[in-house]
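Remarks on the overall topology
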Amino acid sequence: MKKSIAALLLALPVLSAEPVVESSQPEVAAHEQVEQATADVPAETGHGSDEFKISDVIVHHLADAPLWHLEVNGLDMSITKRVVMMWVGSLILILLLVPTARKIAKNPYQAPSRFGAFIESLVSFVRNNIAHDSMGHHSHPYEPLLLTFFFFILILNLLGLIPPLGEIYQMAGEALGWLHHEGDHHDSLQLPLAVKLWPGITATGDISVTATLAGITFLTILIAGFAHQGILFIRNVVPGGIHWLLFPLMWVIEIAGLLTKPFALAIRLLANMTAGHLIILALLGFIFQFQSWGIVPLSIMGSVAIFLLELFVAFLQAYIFTFLTALFIGSVQHRH
Amino acid sequence: MPLLAAGSFNLLAVNPGLVIWTAVTFIVVLVVLWLFAWKPIISAIDARNERVENDLKESRELREKAENLLREYEQKMESARAEALQLLDEGKKDAEVQKAKIIAAAKEEAERLLSRAQADIEQAKVKAISELEQSTVETTVQILSRILQRDINDEDHKKIVLQELGAIRKSNIQGS
């Protein structure tokens, strides 16, 4: 719901910039400022244009963009929106989990607080229903990794559902007239850092992020394979009972299969986390496409429904990523 | 994706900088959470589970023990009750016997008393009769001597009177 409101607010100045619609038009002066602001925001992503295009809005919401430019040895290491979002999520995770863990560890026999119990139930769920079910009693060393996967992906998925609050503040302020944007001059009410510190983007909706996480899964699978089977893991990749002539071919196929697993993980997470946002943006885009009030209830109701679905998907995808990682690790712990 | 292509936005373009940042961030988060969150939480949960398990086992054992004790006590109660009943029975029987004994003794005593009383009465009667005889003899002697106006010695008198009395007694006995 916040997302849809955010999208609406984002589109608000754009709406009033259109030559059509609405009897209660703001004065011309404010109108012009708003138009400036509209031009300014997409300029950050480098797709600025005065004319409203829904694709620009979608790109603005889904695409990464550097907030602070940084280059190390010619490699672009800019702190982008997703990097900031990742750091915000990590900070929230650490600030929530570490004190909770301390409290639980201090007095393990006392009934935990409500939040502590919630965290504990999630931890127990990952340990019992994900790690232990896939790996049996070998699960112990992998539990911290799986727990981190689950909570890291979950928090990034969830944070992606909260719209860019700084941007909304900026837009709302400019549209309602308490913020003025004139060249380099900034009001004291302006919160330039807020826009950057809460970019409101889904970090897990990027192939770079999901591929990196899947790469960590892949490395873990290899490490687990060698740790449990030794050097024979290389031969045991191919299931037994195959004619020796077929072995080279099978080996190539099985290695490809091994690579497919993390690839599928990366694409699944990316697609799931992007699709919901895309649908919400498309549903809201109908309003501007059709230029009609009649479509508004349908768009908003649809967005709310998709938002709730996304909330579910955020948990589901964190679970699936973690569960499949556990399953893959479990599958290489014993030879076929 | 023509819509996205318009914005020159490629969903599958990998940004190496972001990859590095993701890897670094994830590993830092992994290490921090491993040391300061997962380890304490997991050990706390395990400790609690172990304790709960132990408590359960202990309570199971205690319950078994209690049940055994209860059974034992019930058995004891049962035997005590039986014993008590037996004692009561015995007591009743004893009392019955005692009662019979006492009654018999009392009866005996009463009979004894009765017979003694009868004997006493008999004795007293005999004594009284002999005393009466004595006094009768003396009185008779006095009367007779007065009538005869002469003294006969006592020996004679007594002889006569006794003869007479013997006759009277005889006639009395015959008469009765």
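Now for a description of the structure that goes with this document.

Conventions adopted
- Per-chain numbering applies: the sequence of each chain, read as written, is numbered from 1 onward.
- To label them, take the chains in the order written and letter them from A, then take the ligands in the order written and number them from 1.
- Totals for whole chains, interfaces and linings use all residues, but because this is a predicted model, local features are given only for residues with pLDDT of at least 70 and pairs of side-chain atoms are given and counted only at 80 or more.
- Excluded from the side-chain calculations are hydrogens and water; all other atoms, namely the structure's heavy atoms, are used.
- Only DSSP runs of H or I reaching four residues or more are called helices, and only runs of E reaching two or more are called strands; each is numbered from the N terminus.
- Exposure classes here rest on a 1.4 Å probe applied to the protein chains alone. A residue is buried below 20% of its type maximum, exposed above 50%, and partly exposed in between.
- Method for areas: the Shrake-Rupley scheme with a 1.4 Å probe, in which residue coverage is limited to the protein chains shown.
- Buried and open spaces are told apart on a 1 Å grid over the protein atoms alone, a cavity being a set of points where a 1.4 Å probe fits but cannot get out and a pocket being an open set with protein on both sides within 12 Å along at least five of seven lines. Residues with an atom within 4 Å of a point are the lining residues.
- Grid points are joined across faces, edges and corners, and a volume is the space filled by probe spheres set on the points.
- Gly counts as polar in this scheme, as do all residues outside two lists: the nonpolar Ala, Val, Leu, Ile, Met, Phe, Trp, Tyr, Cys and Pro, and the charged Asp, Glu, Lys and Arg.
- Aromatic rings from Phe, Tyr and Trp, taking only the six-membered ring of Trp, are treated as a pair when their centres fall within 6.5 Å; an angle between ring planes under 30 degrees marks them as stacked, one over 60 as edge-to-face, and anything in between as tilted.
- Definition used: whenever NZ (Lys) or CZ (Arg) falls within 6 Å of the ring centre and also within 35 degrees of the ring normal, the charge is taken to sit over that ring.
- Remark: nonpolar core denotes a set of buried residues (Ala, Val, Leu, Ile, Met, Phe, Trp, Tyr, Cys) joined through side-chain atoms within 4.5 Å.
- Residue contacts follow a heavy-atom distance rule, with two residues in contact if any of their heavy atoms lie within 4.5 Å.
- Buried area is a sum: the accessible area each of two parts loses on coming together, probed at 1.4 Å, counted once for each and added.
- Salt bridges are counted wherever a side-chain nitrogen of Lys or Arg sits within 4 Å of a carboxyl oxygen of Asp or Glu.
- What qualifies as a polar contact is a pair of N or O atoms within 3.5 Å, subject to a donor-acceptor requirement within protein and to the restriction that residues adjacent in sequence count only when both atoms come from side chains.
- Orientation is described by axes fitted as lines to C-alpha atoms, over the contacting stretch for helices, and by angles from 0 to 180 degrees between their N-to-C directions.
- Should an angle lie under 35 degrees it is considered roughly parallel, over 145 roughly antiparallel, and from 65 to 115 roughly perpendicular; all remaining angles are considered oblique.
- Each crossing is labelled by how the near helix is turned from the far one, with a counterclockwise turn of less than a right angle marking it left-handed and a clockwise turn marking it right-handed.

If you tally the helices and strands in chain B, you get three helices and zero strands. The order of helices and strands in chain B, counted from the N terminus, is α-α-α. Looking at chain B as a whole, 16% of its 176 residues are labelled buried. Looking at chain B as shown, the accessible area adds up to about 14,200 Å², and 59% of this sits on carbon and sulfur atoms.

Moving on, we come to empty space enclosed by the protein. All names here are of chain A. Counted by the stated rule, this structure contains three cavities of 30 Å³ or more. Size it by volume and the second largest cavity reaches roughly 50 Å³. Around the second largest cavity, the lining residues are H61, L62, R82, I201, T202, G205, M273, T274 and H277. Among the secondary structure elements, those contributing two or more residues to the lining of the second largest cavity are α3 (54-62) and α11 (247-290). In terms of residue class, the lining of the second largest cavity is built from three nonpolar, five polar and one charged.

Before going further, it helps to examine the packing of aromatic side chains. Under the definition given, this model contains eleven aromatic pairs over all chains. With a centroid separation of 6.4 Å and an interplanar angle of 45 degrees, the aromatic rings of F115 of chain A and F118 of chain A are classed as tilted. Here F115 of chain A pairs with F118 of chain A, and both are found in helix α5 (residues 114-135), just three residues apart, close to one helical turn. Measuring from ring centre to ring centre gives 5.2 Å for F152 of chain A and F26 of chain B, while their planes differ by 75 degrees; the resulting arrangement is edge-to-face. Residue F152 of chain A is located in helix α6 (residues 143-159), and its partner F26 of chain B is located in helix α2 (residues 16-148); the two belong to separate chains. Each member of the pair, F152 of chain A as well as F26 of chain B, carries the same accessibility label: buried. Three or more aromatic residues link up through ring pairs in this structure, and these residues are F149, F152 and F321 of chain A together with F26 of chain B. The positively charged end of R51 of chain B is found above the aromatic ring belonging to Y109 of chain A, 3.8 Å away from the centroid.

Time to look at the nonpolar core. Counting residues in each nonpolar core, the largest one holds 68 residues, and the members touching the most others are F151 of chain A together with W38 of chain B. Going through the elements one at a time, α4 (81-106), α5, α6, α9 (207-229), α11 and α12 (296-332) of chain A together with α2 of chain B are the ones with two or more residues in this core. If we skip the residues at most four places from it in the chain, W38 of chain B touches L97, V123, P144, L147, T148 and F151 of chain A together with L33 and S43 of chain B. Formed by 22 residues, the second largest nonpolar core is a distinct cluster that contains V57, A63, L270 and I295 of chain A.

Of the residues lining the interface, 56 residues belong to chain A; the matching set on chain B comes to 38 residues. Of the roughly 4,100 Å² buried between chain A and chain B, counting both surfaces, carbon and sulfur atoms make up 79%. Put simply, chain A and chain B have two salt bridges between them. Here D46 of chain B makes a salt bridge to R127 of chain A, at a shortest N to O gap of 3.2 Å. Here chain A is connected to chain B by seven residue pairs in polar contact (both at pLDDT 80 or more). Broken down by secondary-structure element, the contributors of at least two residues to the side of chain A that touches chain B are α3, β3 (75-76), β4 (79-80), α4, α5, α6, α9 and α11 of chain A. Per element, the largest residue contribution to the side of chain A that touches chain B is twelve residues, and it comes from α4 of chain A. Taken together, the residues of the side of chain A that touches chain B sort by class into 37 nonpolar, twelve polar and seven charged.

This next bit is on α3 of chain A. Burial analysis of α3 of chain A places nine of its nine residues in the buried class, which makes it a mostly covered element. Those residues of α3 of chain A that sit buried are I54, S55, D56, V57, I58, V59, H60, H61 and L62 of chain A.

Residues and elements named next belong to chain A. For the pair α5 and α12, interaxial distance at closest approach is 7 Å and the crossing angle is 30 degrees. Put simply, α5 runs roughly parallel to α12. In terms of crossing hand, the pair formed by α5 and α12 is right-handed. Counted together, F125, V126, N129, I130, S134 and M135 of α5 and Y319, T322, F323, A326, L327, I329 and G330 of α12 form the full contact between these two elements. For the contact of α5 with α12, the class distribution of residues is nine nonpolar, four polar and no charged.

Residue and element names in this part refer to chain A. Here Y142 is to be found in the loop between α5 and α6. Given the relative accessible area of 11%, Y142 is considered buried. Between the alpha carbons of Y142 and T325 there is a distance of 10.0 Å; along the sequence they are 183 residues apart. Aside from chain neighbours lying at most four places away, what touches Y142 is M135, T220, A224, H228, I329 and Q333. Among the polar contacts listed, one links the side chain of Y142 to the side chain of H228, at a separation of 3.3 Å.

Here we come to the packing of α4 of chain A against α5 of chain A. Residues and elements named next belong to chain A. Direction vectors running N to C along α4 and α5 enclose 100 degrees, while the axes themselves pass 10 Å from each other. With respect to their mutual orientation, α4 and α5 come out roughly perpendicular. Residues L96, L97, T100 and I104 of α4 lie in contact with α5, whose contacting residues are F115, G116, I119 and E120. Each residue belonging to the contact of α4 with α5 can be placed in one class, and the counts come to five nonpolar, two polar and one charged.

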